[in-house]
Amino acid sequence: MTTEKTSFVYVTYILSTPQKVFEAVTRPDVARRYWGHENVSDWNPGSKWEHVRANDERTVELVGKVIEISPPSRLVISWANASQAADPTSHSRVTFEIEEYESMVRLTVIHDELEAGSGMANGISKGWPIVLSSLKSFLETGRALDIFAKPKAA
């Protein structure tokens with residue numbers, strides 16, 4: 001029996017350069033400033049990457065492999081909870097497409113090969129919009145958003 005798959009696509013426009021957007025995703029010291037995590041890898045095809053919480057515990061929360069990399073326009077990685085790293089069926093895929101668009105950048109994030117209805121699919125549908133909004137704010141103003149913010153109670 002096959003599991004139904006789903007995908008999530010998010011597009012945003014950022015007043016920046018492709019190089020700065022690419023570095024914001026791949027450089028741990030930059031990612032920690034708007035994401036609260038560091039993406040750690042040597043960024044070679046086939047290499048592992050880890051999504052490490054930028055705090056004293058340094059918890060590895062997500063893991064995967066670099067599938068394709070073409071700086072500064074494209075990055076494709078596999079993506080799984082660290083606790084499910086050994087189960088290839090739990091891995092999804094994230095593609096970052098970075099295009100010059102007039103005097104700005106169009107960033108398209110495609111998160112696919114997700115199990116429909118899974119905790120991961122639910123989590124990323126809430127997570128990507130705030131992370132990418134924080135990335136945009138950070139690159140445009142130097143100030144990131146609080147990506148760990150919670151909705152205010154009614």
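Residues numbered from 1 in each chain as written. Predicted model: local features only at pLDDT ≥ 70, side-chain atom pairs only at ≥ 80, totals over all residues. Heavy atoms only, no water.

## Considering the overall build of the chain
Stage number 1. A count of helical and extended segments in the chain gives three helices and seven strands.
Stage number 2. Along the chain, helices and strands appear, N-terminal first, in the series β-α-α-β-β-β-β-β-β-α.
Stage number 3. Taken over the C-alpha trace, the chain has a radius of gyration of 15 Å; the compact-globule value for 154 residues is 15 Å, and the two agree within 12%.
Stage number 4. If one aligns the C-alpha atoms of the chain with their principal axes, the spans along those axes are about 50 × 45 × 30 Å.
Stage number 5. The proportion of buried residues among the 154 residues of the chain is 39%.
Stage number 6. Considering only intrachain contacts with a sequence separation of at least 6, the fraction spanning at least 24 residues in the chain is 43%.
Stage number 7. By element, 51% of the accessible surface of the chain is carried by carbon and sulfur atoms, the whole surface being about 8600 Å².
Stage number 8. Put simply, the chain has 17 plus and 20 minus side-chain charges, and the middle of one group is 5 Å from the middle of the other. (Helix = DSSP H or I, 4+ residues; strand = E, 2+ residues; numbered from the N terminus. Rg over C-alpha atoms; globule rule 2.2 N^0.38 Å. Buried < 20%, exposed > 50% of the residue type's maximum accessible area, 1.4 Å probe, protein only. Contact = heavy atoms within 4.5 Å. Areas by Shrake-Rupley, 256 points an atom, 1.4 Å probe, with all protein chains shown as cover. Lys, Arg positive; Asp, Glu negative; His and termini not counted. Charge placed at Lys NZ, Arg CZ, Asp CG, Glu CD.)

## Some details on the packing of helix α2 (residues 28-35) against helix α3 (residues 119-141)
Stage number 1. One can describe the packing of α2 onto α3 by two numbers: an axis separation of 8 Å at closest approach and a directional angle of 115 degrees. Regarding the angle of α2 to α3, the classification is roughly perpendicular. Read as a crossing pair, α2 and α3 show a hand that is right-handed. Between α2, through Val30, Arg33, Tyr34 and Trp35, and α3, the contact on the second element is made entirely by Trp128, Val131, Ser134, Leu135 and Phe138.
Stage number 2. Taken together, the residues that form the contact of α2 with α3 break down as seven nonpolar, one polar and one charged. (Axes fitted to C-alpha atoms, helices over the stretch in contact; angles between N-to-C directions. Parallel < 35°, antiparallel > 145°, perpendicular 65-115°, else oblique. Left-handed = near helix turned anticlockwise from the far one by under 90°. Nonpolar A, V, L, I, M, F, W, Y, C, P; charged D, E, K, R; others polar.)

These figures capture arrangement, not role.
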